[in-house]
Amino acid sequence: MSVNLRIPGPTPCPDDVLEAMSRQMINHRGPEFAEIVTRITASLQHLFETRNDVLTLTSAGTGAIEAAVVNTLSPGDRALCVSIGVFGDRFADIARTYGADVTMLSFDQGTAADPARVAEALRADASFKAVMVTHNETSTGVTNDLGAIAKAIRGVRPDILILVDAISSLGSVPLPIDAWDLDVVFTGSQKGWMVPPGMAMVSVSKRAWDAVEQARIPRYYFDYKKAKSYLEKGQTPWTPAVSVYFAMDVALKKLEAEGLANIHARHARLGQFTRDGVKALGLRLLADERVASNTVTAVVVPEGVDGAALNKMMRTEYNTVLAGGQGALTGKIFRIGHLGLVSEQDLRDCLDALKQALPRVGFASPAVAAR
Ligand SMILES: *Cc1c(COP(=O)(O)O)cnc(C)c1O
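All of these numbers come straight from a predicted model, not from anything done at the bench.

Attention now goes to the pattern of salt bridges. Pairs can form between side chains of opposite charge whenever their charged atoms are close. Evaluation of the coordinates by the stated rule reveals 22 salt bridges. Two residues, lysine 129 and aspartate 77, come together in a salt bridge whose shortest N-O distance is 3.2 Å. Taken as a pair, lysine 129 in strand 5 (residues 128–134) and aspartate 77 in the loop between helix 3 (61–72) and strand 3 (78–83) lie far apart in primary sequence, 52 residues in all. Accessibility expressed as a relative area gives 16% for aspartate 77, which makes it buried. Among the ionic pairs, arginine 266 bridges to glutamate 258, the shortest N-O distance being 2.7 Å. One network of salt bridges, in which partners are shared, links Arg154, Asp159, Asp181, Asp183 and Arg207.

The next subject is the pairing of strand 3. Counting buried positions over the six residues of strand 3 gives six, a clear majority of the element. Alternating residues of strand 3 divide into Arg78, Leu80 and Val82 and Ala79, Cys81 and Ser83, and every residue in both groups is buried. Bridge analysis of strand 3 against strand 4 (residues 101–106) gives six bridges, and the strand direction is parallel. Counted as the bridge partner of arginine 78 is aspartate 101 from strand 4. As a crossover connection, the stretch from strand 3 through helix 4 (residues 86–97) into strand 4 is right-handed.

Attention now moves to helix 12 (residues 344–360). When the terminal C-alpha atoms of helix 12 are compared, their 25 Å separation across 17 residues agrees well with the 24 Å that a helix rising 1.5 Å per residue should span. Residues of helix 12 that are buried in the fold lie against strand 1 (4–6), helix 10 (260–280), helix 11 (307–318), strand 12 (320–324) and strand 13 (333–337). Among the residues trailing helix 12, glycine 362 stands out with phi positive, at a value near 100°.

On to the packing of aromatic side chains. Inspection of every chain in the model, using the stated rule, returns seven aromatic pairs. Measuring from centroid to centroid gives 5.9 Å for phenylalanine 91 and phenylalanine 186, while their planes differ by 65°, and the two rings are edge-to-face. Taken as a pair, phenylalanine 91 in helix 4 and phenylalanine 186 in strand 9 (residues 184–188) lie far apart in primary sequence, 95 residues in all. Like phenylalanine 91, the residue phenylalanine 186 is buried in the burial classification. For the pair tyrosine 221 and phenylalanine 222, a centre-to-centre distance of 4.9 Å together with 80° between the ring planes defines the contact as edge-to-face.

With respect to spatial proximity, the complete set of residues near the ligand consists of Ala60, Gly61, Thr62, Phe87, Arg90, Asn136, Thr138, Asp165, Ile167, Ser168, Gln190 and Lys191. The contact in question runs from an oxygen atom of the ligand to an N or O atom on the backbone of glycine 61, over 2.7 Å. Side-chain polar atom of threonine 62 to an oxygen atom of the ligand: 2.5 Å apart, as the coordinates give it. Taken by itself the ligand offers 380 Å² of open surface, and the protein chains cover 87% of this. Within the residue set of the shell around the ligand, elements represented by two or more residues are helix 3 and helix 4. Tallied by class, residues from the shell around the ligand come to three nonpolar, six polar and three charged.

In this section: the domain arrangement of the protein chain. What the domain assignment lists for the protein chain is domain 1 (4–9 + 259–370) and domain 2 (15–257). Between the C-alpha centres of domain 1 and domain 2 the distance comes to 27 Å. With 25 residues of domain 1 at the contact, the number on the domain 2 side is 27 residues. When domain 1 packs against domain 2, the two sides together hide about 2100 Å² of surface, and 62% of this comes from carbon and sulfur. On the surface where domain 1 and domain 2 come into contact, there are zero salt bridges. Take the side of domain 1 that touches domain 2: its biggest share by element is four residues, from helix 10. Tallied by class, the residues present in the side of domain 1 that touches domain 2 amount to 13 nonpolar, ten polar and two charged.

The rules behind each value
Residues numbered from 1 in each chain as written. Predicted model: local features only at pLDDT ≥ 70, side-chain atom pairs only at ≥ 80, totals over all residues. Heavy atoms only, no water. Salt bridge = Lys/Arg side-chain N within 4 Å of Asp/Glu carboxyl O. Helix = DSSP H or I, 4+ residues; strand = E, 2+ residues; numbered from the N terminus. Buried < 20%, exposed > 50% of the residue type's maximum accessible area, 1.4 Å probe, protein only. Pairing = 2+ DSSP bridges. Right-handed = clockwise from strand over helix to strand, strands pointing away. Expected span 1.5 Å × (residues − 1). Contact = heavy atoms within 4.5 Å. Phe/Tyr/Trp six-rings, centres within 6.5 Å; stacked < 30°, edge-to-face > 60°. Near = heavy atom within 4 Å. Polar contact = N/O pair within 3.5 Å; in protein donor to acceptor, adjacent residues only side chain to side chain. Areas by Shrake-Rupley, 256 points an atom, 1.4 Å probe, with all protein chains shown as cover. Nonpolar A, V, L, I, M, F, W, Y, C, P; charged D, E, K, R; others polar. Domains from an automatic or database assignment. Buried area = accessible area lost by both parts, 1.4 Å probe.

This is the structure:
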């Protein structure tokens, strides 16, 4: 029996995507690669619902966060970072590392950002050059109402840059980049895209390109302008993860065949299925349910249960790999990924395993006891 990998990335990949990875190498400056990168770019534009430039970078998702910072900001630039967890905080850390002057607007873990408070922060200080925000906070299982946040931002500052970490949401849940007027939006191959780690994909708006012309933070590897000029020749500036491009090419065809509306509906259904199943076990969700994520569910480790022992038992005895908590939530929550290649059966298996494992690590709930 194969492992039930229920972490929010890397996610399992379809067989044909994995098979594409085993293809022989090609010249990354030749016509075949040019066709692949051109096709991938067009498909991503479609799935991102954008006419903006889309760039592909060989990197982890964090490289795309760094790229957003170094390509659009200058040392000393004021940026407002809207954070609801670990990944929001990482965005701020990276910006500070490169000398941006970051103001945090943080919200309690398990809650979403309040658009009215974002607008208020912008009204209170007209010097902000950019807003950094996480669409789906993977560490807490919360999806921000990014459409409402963007609208609130534009209501105060029509031309401010909006930089979005959509690593665990884009391609899985609705995120119409152009309709919401977002400037830099990025994701990573190993999340909902059903592709191994190694590629970050970025949408760059006209407004963002204007910022790139002004931005003075030093950059080399993650230079958007170089990436764009090479893309025009069907290349990337540096040697790309060629195998990951092969895999992405296959995965995108599958996603296009399924269609965006169906992909979104599937994630919504599986998110609800997971939350219902978790609650039926007598467990509590970390997230306020109105804003709970359809790509990852964070579950509070019940009183008296050792979270590490639960995850270990799930892995060693039930073949199910869960994610733990990060940062301040280490040991306090566990997380179930349900993005990309995942079926209701995978989640039912995961919930069944939890039902059996929980009493063995000291949990007695009415739901489990009544079994
Ligand atoms: C996974 C994730 C990241 C980090 O991606 P890496 O590929 O591990 O660098 C950043 N932000 C969010 C929201 C994520 O889910």
